[in-house]
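# Commentary on secondary and tertiary structure
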Amino acid sequence: MAREQVTEIVAEMVANVLSVTVAPGDVVEAGDTVVLLESMKMEIPVLLEHPGTVRAVKVAPGDVVQEGDVLVEITRG
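Residues numbered from 1 in each chain as written. Predicted model: local features only at pLDDT ≥ 70, side-chain atom pairs only at ≥ 80, totals over all residues. Heavy atoms only, no water.

## Things to note about the side chain of Glu38
Within the fold, Glu38 resides in strand 4 (residues 33-39). Buried and unpaired, Glu38 has no salt bridge, with Lys41 as the nearest side chain of opposite charge at 5.3 Å. Polar side-chain contacts of Glu38 include one of 2.8 Å to the backbone nitrogen of Lys41. Contact partners of Glu38, with chain neighbours within four places excluded, come to Ala15, Asn16 and Leu18. (Helix = DSSP H or I, 4+ residues; strand = E, 2+ residues; numbered from the N terminus. Buried < 20%, exposed > 50% of the residue type's maximum accessible area, 1.4 Å probe, protein only. Lys, Arg positive; Asp, Glu negative; His and termini not counted. Salt bridge = Lys/Arg side-chain N within 4 Å of Asp/Glu carboxyl O. Polar contact = N/O pair within 3.5 Å; in protein donor to acceptor, adjacent residues only side chain to side chain. Contact = heavy atoms within 4.5 Å.)

## Regarding the pairing of strand 5 (residues 42-47)
Bridge count between strand 4 and strand 5: 6 bridges; the pairing is antiparallel. Note on strand 5: the bridge partner recorded for Thr33 is Leu47. Here strand 4 folds back onto strand 5, and the loop between the two strands holds 2 residues, one of which, Met40, carries a positive phi near 50 degrees. (Pairing = 2+ DSSP bridges.)

## What about the environment of Val28?
Mapped onto the elements, Val28 comes out in strand 3 (residues 27-28). Val28 sits in the buried class, given a relative accessible area of 3%. Distance from Val28 to Lys41, taken between C-alpha atoms, is 27 Å for residues 13 residues apart in sequence. With residues up to four places along the chain from it excluded, the contact list for Val28 reads Val22, Leu48, Pro51, Gly52, Thr53, Val54 and Ile74.

## Quick word on the layout of surface pockets
Considered as a void within the structure, the largest pocket measures approximately 350 Å³ in volume. Put simply, the parts of the chain that give the lining of the largest pocket at least two residues each are strand 1 (5-10), strand 5 and strand 8 (70-76). For the lining of the largest pocket, the class distribution of residues is 12 nonpolar, 2 polar and 4 charged. (1 Å grid on protein atoms, 1.4 Å probe; cavity = no way out; pocket = protein on both sides within 12 Å on 5 of 7 lines; lining within 4 Å. Points joined across faces, edges and corners; volume = space filled by probe spheres on them. Nonpolar A, V, L, I, M, F, W, Y, C, P; charged D, E, K, R; others polar.)

Geometric values such as these leave the question of function open.
Quick look at the structure:
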């Protein structure tokens, strides 16, 4: 039996969460936007590099995230 691989999508900078576009159980593709962040008056979409299924969403709109904070967990396999 293959184990599912969990990938943590993390914030690359200090930012405000503007919106979350996925929910647990959603099937997502490479290139999909999962979270929209705002930093220094710029909107920054967080894009997936690999397809998978959303396991958990760790943030909500209005949250302030620090560099390295987990935003979303994705499972593959």
